[in-house]
Structures are given as structure tokens and as C-alpha cells.
Amino acid sequence: MPEVTAVNTAVIGGGAAGLWAGCLLRDRNAGFIVLERGNECGRKLLLTGHGRCNITNNKSPSELRGCYHEAGNFVYPALCGFTPSDACEFISGKLGVPLKTEENDRVFPVSDKASDIRDAMVRFIGSDHIKTGFECVKIERSEDGFNITPKDGDTVSAKHVILACGGAGYPRTGSDGSGFELASSLGHTIAEPKAALAAINTCGDFCRELSGVSVDGVSLSLFCGGRKTASASGTVLFTHQGISGPAAMELSREIPSDPGSDTYIEADFVPSLTDKILADEISGKNSHKFVNLLAERMPRSLAAAIVCDDELYCRDVRSEMRKAVVKKIKMFRFDVTEAPSTATAYVTRGGVILKELNRSSYESKLVKGLHIIGENTDVDGISGGFNLAFAASSAFLAVKDILS
Ligand SMILES: Cc1cc2nc3c(=O)[nH]c(=O)nc-3n(C[C@H](O)[C@H](O)[C@H](O)COP(=O)(O)OP(=O)(O)OC[C@H]3O[C@@H](n4cnc5c(N)ncnc54)[C@H](O)[C@@H]3O)c2cc1C
């Protein structure tokens, strides 16, 4: 006969949101257990910020509101309830991990090690409150709560459940969309999971030849069916298959599931450049190589790929050629070959639809005692620490509600 462990609160999923829930429950000396399918918690957390963990963003809650696309209003109470500065205070004060703020208000551990944050959270929660190797396959209502059944091992019964199984991105870290299935089995509607913050595959050899080159300050516009549907600006990184980097990744969530031949991204590599400015510069630098002139405004390898003639001097650049180059720089077209893959996306768009959740507690409106937080919900933020900020803030409201 399998044993049943009884707890007040079971947190299913020991990723960023589940670890935050665990820390906040531990801080209040509550009875709880974090149930994680992997052999360690926070595997995705270790990868964040290129291993440095951009744990939150120090903007005010009202500024943050604009960083979650359609979910901005929904997440606002959570961001006010547990603000980025509350999260920083907890991490540096209670977890003992000093933090620093970098460009664009992004917060990182001083050590630049994501493992320092993950390890401190796990330590704070305590091994008695974490059960790894627990892959939840079923959650059922019971008379006074829930029975949580793992693939192997003993069932856990809990009065409250916090579902924090993440999205469907980077499945090797444990989040493979099973949280959506668990929520759906309890009656929740799931908005179709799609990639958000993903690299984009495009046609042609241009990107492959420049792979590894990154360009700052690029303006990108997405066109679908002859209409501009989204834009983003920032750094673009060329890859073997297309483009990545913050600006491209931000656009990825807007690419339709079946992009047709009329889906393309237009890049303005130097928004400040005009044909007039370039004409003036060319006439003032007749004896310079054209590619070197352009390389003052963009990486040399990109300038060379655009000009296609390393030996061309400014004095030989005719107006038609100059106009063609300006067009290439300001309206470079990347044809999108396919929808970005959910599996390689940093964040998943989609998940438990928000109208089925209470935005001041993250409790399900359909199942009393069930709270759903983090990427398990239909919330995705832009790049810059906003997704981990939401993991923390949604965990806070769920814990507060359970302990109230
Ligand atoms: C490469 C990369 C870099 C990123 N960098 C940043 C960054 O710097 N800043 C930022 O804000 N965001 C970043 N993100 C996004 C951020 O990591 C996620 O938004 C965040 O981890 C979501 O937290 P979560 O707890 O909801 O999901 P996850 O962190 O994915 O955790 C879900 C957990 O649930 C477990 N689980 C799943 N199913 C089950 C089950 N059935 N039973 C038991 N356990 C289960 C999983 O094993 C996993 O541990 C990055 C993402 C990636 C992939």
C-alpha cells in the first residue's frame, strides 16, 4: 500500500516560481513541500542571464506593467504586492546574496553566478521541504484538498496546491508543458503554447556568413500579409539559421504559427543614417574606402557584406549605388522560414488563461485551493529580468493568500 504524506501546501515544480513560493512559505514557517520532477531544483534558473541570472528589474511597478504585453494589467497587482525592490531585499537580506544593478535596471548577483541564487534559495527552503524525483502525473480533488500522484512513489495530500511547472521551453530543464496538462485536467483552459523570446530562422546565407556578429541599436519591423504587425529595437545577433539577440527575440512571439512567404522582418541597422548624411560623408572622404566609412557605424563584417566590394573607394560611389546601399542598410529584408520553436524559446507564450485566475491571489476561479503561478500561466514578459520578476511576484500573492 503506498504511503500518503500530508502537508498543508504542496508546491508542484521547483523552478524559479516554485523556489520563490518555497522561500516565502519557509520565511513564514508554514507547512509545505516543494515537489520537483528533476534530480535538482532550478535547472532553468542556472541558465538564466547566460549563467549570470538577471533575477529582476529595478523599474517601478508602473513601468514594469508595460513589459508584459497583453498581461500588463493582470500582473500589476502582483508587481505592486512584491516589488522588485522587495525581491532584492529578500535575496540580499534573507538569502545573503549581494546584488548589483546594471544597464536598463537589470539586477544580477554581484558574483555573476546564477548558481549562487539557486543554491541560496534551496538552502533557505531546507532539504526537509524539497522532494526531488517527484514527477507529478495527476492532481485530484479530495474531501479537504488534493491528492498529488507521482509517476513513481508515494502520493502527497495537501490542503493547498501551488502549480508552478513552468512553460514548454527548454524541456531538458524539466518544463515540457506538463503543467498545462495538469491544469487542463482540473478544468482549466490553456492558451496555445507558442514561443516568446526565441531565435528566428530566416532564408539565405547572409546570416550564416555573419554568424556570431552582433549589431547594437537596430530597429526591426515584422510584416505579415503586407502589414506591419510589430516592431522592436535593440541588439541583433546573427546566427547560423537567422537572427537572435534581444530585439529579434522580442519580435518572435508575434510571428504567426504558419508564416507564409509574405512574413518577413525589415531591419534598419543604422536608424540615424539618411541618404543625405551618407552623401555628405562620402563627399568629405573621397580617398577612403567605402566599406571603412560604413564600418564607423556598424560592424565591419556587416558593412563588407552590404557593400560586397572591399576595394571600392568613396570617390567611385555613384548616387544610384549609394541609394541602393542606404536601402540595404535601412530596409534589409529577412524572410522568415518557420514559426520559432517553443522548445528553444526562453519563455513560453500561452498557458492557463488569465480570466480563470484571480489576479490578487493567483487562485483558480474554477478550483478552490489551487494556485497557478509563473510561466504555467499565460504571462510572458520581455527580456530584462521581467519573467523572473513575475515568478517572484506571482509566488508572493499565492503564498499570501494561502497563509491569510
Ligand atoms: C536560457 C534562458 C535564459 C533566461 N534568462 C532569463 C533572465 O536572465 N531573466 C529572466 O527574467 N528570465 C529569464 N529566462 C526565463 C525564466 O527562466 C523563466 O521565465 C522562469 O524560469 C519561469 O519560472 P517557472 O518556475 O514558472 O518555470 P521553470 O523555471 O521552468 O520551472 C518549472 C519547474 O517545474 C518542474 N516540473 C515541470 N513539470 C513537473 C511535473 N509534472 N512534476 C514536478 N515538477 C515539474 C520542472 O522540472 C522545473 O523545475 C530565461 C530562460 C531561458 C531558457
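Residues numbered from 1 in each chain as written. Predicted model: local features only at pLDDT ≥ 70, side-chain atom pairs only at ≥ 80, totals over all residues. Heavy atoms only, no water.

Caption draft 1: Seen up close, the nonpolar core. Counting 79 residues, the largest nonpolar core has Trp 20, Tyr 68 and Ile 148 as its most contacted members. Among the elements that make up this core, the one with the highest residue count is helix α14 (residues 386-403) (11 residues). If we skip the residues at most four places from it in the chain, Trp 20 touches Ile 55, Phe 82, Ala 87, Phe 90, Ile 91, Met 121, Leu 388, Ala 391, Ala 392 and Ala 395. In this structure, Leu 210, Ile 243, Ile 255 and Ile 282 belong to the second largest nonpolar core, which totals 45 residues. (Core = buried A, V, L, I, M, F, W, Y, C linked by side-chain atoms within 4.5 Å. Buried < 20%, exposed > 50% of the residue type's maximum accessible area, 1.4 Å probe, protein only. Helix = DSSP H or I, 4+ residues; strand = E, 2+ residues; numbered from the N terminus. Contact = heavy atoms within 4.5 Å.)

Caption draft 2: Local environment of the sheet that holds strand β4 (residues 99-101). Taken in spatial order, the three strands of this open sheet run β3-β5-β4, and their pairing is antiparallel. The sheet is open, and its two borders are formed by β3 (56-57) and β4, each paired with just one other strand. Pairing analysis gives three bridges linking β4 to strand β5 (residues 106-109), with the strands arranged antiparallel. The partner of Leu 99 across the bridge, within β5, is Pro 109. (Pairing = 2+ DSSP bridges.)

Caption draft 3: Examining the packing of aromatic side chains more closely. For the coordinates displayed, the defined rule picks out 17 aromatic pairs. Their ring planes at 85° and their centres at 5.5 Å tell us that Phe 74 and Tyr 362 sit as a pair that is edge-to-face. Here the residue Phe 74 occupies a position in helix α4 (residues 72-81), and Tyr 362 occupies one in the loop between β17 (347-352) and β18 (370-372), the gap between them amounting to 288 residues. In this structure, Phe 74 and Tyr 362 share a single accessibility class: buried. Three or more aromatic residues link up through ring pairs in this structure, and these residues are Trp 20, Phe 82, Phe 90, Phe 124 and Phe 396. A cation over a ring is seen here: Arg 52 above Phe 108, with NZ or CZ 3.9 Å from the ring centre. The side chain of Arg 315 reaches across the aromatic face of Tyr 313, ending 4.7 Å from its centre. (Phe/Tyr/Trp six-rings, centres within 6.5 Å; stacked < 30°, edge-to-face > 60°. Lys NZ or Arg CZ within 6 Å of the ring centre and 35° of its normal.)

Caption draft 4: Quick peek at the sheet that holds strand β11 (residues 200-201). The sheet built from six strands is open, its strands ordered β11-β14-β13-β12-β15-β16 with antiparallel pairing. Every other strand in the sheet has two partners, leaving β11 and β16 (332-335) as the edge strands with one partner each. Examined bridge by bridge, strand β15 (residues 264-268) and β16 share four bridges and lie antiparallel to one another. Note on β16: the bridge partner recorded for Tyr 264 is Asp 335. Here helix α13 (residues 319-330) sits on the sheet in contact with β15 and β16, set at roughly 115° to β15. (Axes fitted to C-alpha atoms, helices over the stretch in contact; angles between N-to-C directions.)

Caption draft 5: Expanded view of the site of the ligand. Of all residues adjacent to the ligand, which total 34 residues, the nearest are Ala 17, Glu 36, Gly 49, Glu 375 and Leu 388. The separation between an oxygen atom of the ligand and a polar side-chain atom of Arg 43 is 3.3 Å. In the environment of the ligand, an oxygen atom lies 2.6 Å from a nitrogen or oxygen atom belonging to the side chain of Glu 375. A total of 990 Å² of accessible area belongs to the ligand in isolation, and the protein chains cover 96% of it. Going through the elements one at a time, α1 (16-27), α2 (43-47), α7 (178-185) and α14 are the ones with two or more residues in the shell around the ligand. Tallied by class, residues from the shell around the ligand come to 14 nonpolar, 14 polar and six charged. (Near = heavy atom within 4 Å. Polar contact = N/O pair within 3.5 Å; in protein donor to acceptor, adjacent residues only side chain to side chain. Areas by Shrake-Rupley, 256 points an atom, 1.4 Å probe, with all protein chains shown as cover. Nonpolar A, V, L, I, M, F, W, Y, C, P; charged D, E, K, R; others polar.)

Caption draft 6: Highlighting the packing of helix α10 (residues 275-284) against α13. Relative orientation of the contacting elements α10 and α13 amounts to 130°, with a least axis distance of 10 Å. If you check the angle between α10 and α13, you find them oblique. In terms of crossing hand, the pair formed by α10 and α13 is right-handed. Listed contacts from α13 to Asp 275, Leu 278, Ala 279 and Ile 282 of α10 are Arg 322, Lys 323 and Val 326. The residue makeup of the contact of α10 with α13, split by class, is four nonpolar, no polar and three charged. (Parallel < 35°, antiparallel > 145°, perpendicular 65-115°, else oblique. Left-handed = near helix turned anticlockwise from the far one by under 90°.)

Caption draft 7: Here's a closer look at helix α6 (residues 114-125). Taking 1.5 Å of rise per residue, the 12 residues of α6 would be expected to cover 16 Å, and the 17 Å separating its terminal C-alpha atoms lies within 8% of that figure. Listed in full, the buried residues belonging to α6 are Ala 114, Ile 117, Arg 118, Ala 120, Met 121 and Ile 125. Mapping the buried residues of α6 onto a view down its axis gives an arc of 165°, with all of them on the same face. Count one or two residues on from α6 and you reach Gly 126, which has phi positive near 95°. (Expected span 1.5 Å × (residues − 1). Arc of directions from axis to C-beta.)

Caption draft 8: Fine view of the domain arrangement of the protein chain. Domain annotation for the protein chain reports domain 1 (4-195 + 346-403) and domain 2 (200-335). Using C-alpha coordinates to define each centre, domain 1 is positioned 39 Å away from domain 2. Taken together, the contact between domain 1 and domain 2 spans 10 residues of the former and seven residues of the latter. Summed over the three residues of domain 1 that lose the most area to domain 2, namely His 69, Ala 195 and Arg 349, the buried surface amounts to 46% of that side. Between the two partners, domain 1 and domain 2, sit two salt bridges. The shortest N-O distance in the salt bridge between Asp 380 and Arg 253 comes to 2.7 Å. The leading source of residues in the side of domain 1 that touches domain 2 is strand β10 (residues 190-196), at three residues. For the side of domain 1 that touches domain 2, the per-class residue count stands at three nonpolar, two polar and five charged. (Domains from an automatic or database assignment. Buried area = accessible area lost by both parts, 1.4 Å probe. Salt bridge = Lys/Arg side-chain N within 4 Å of Asp/Glu carboxyl O.)

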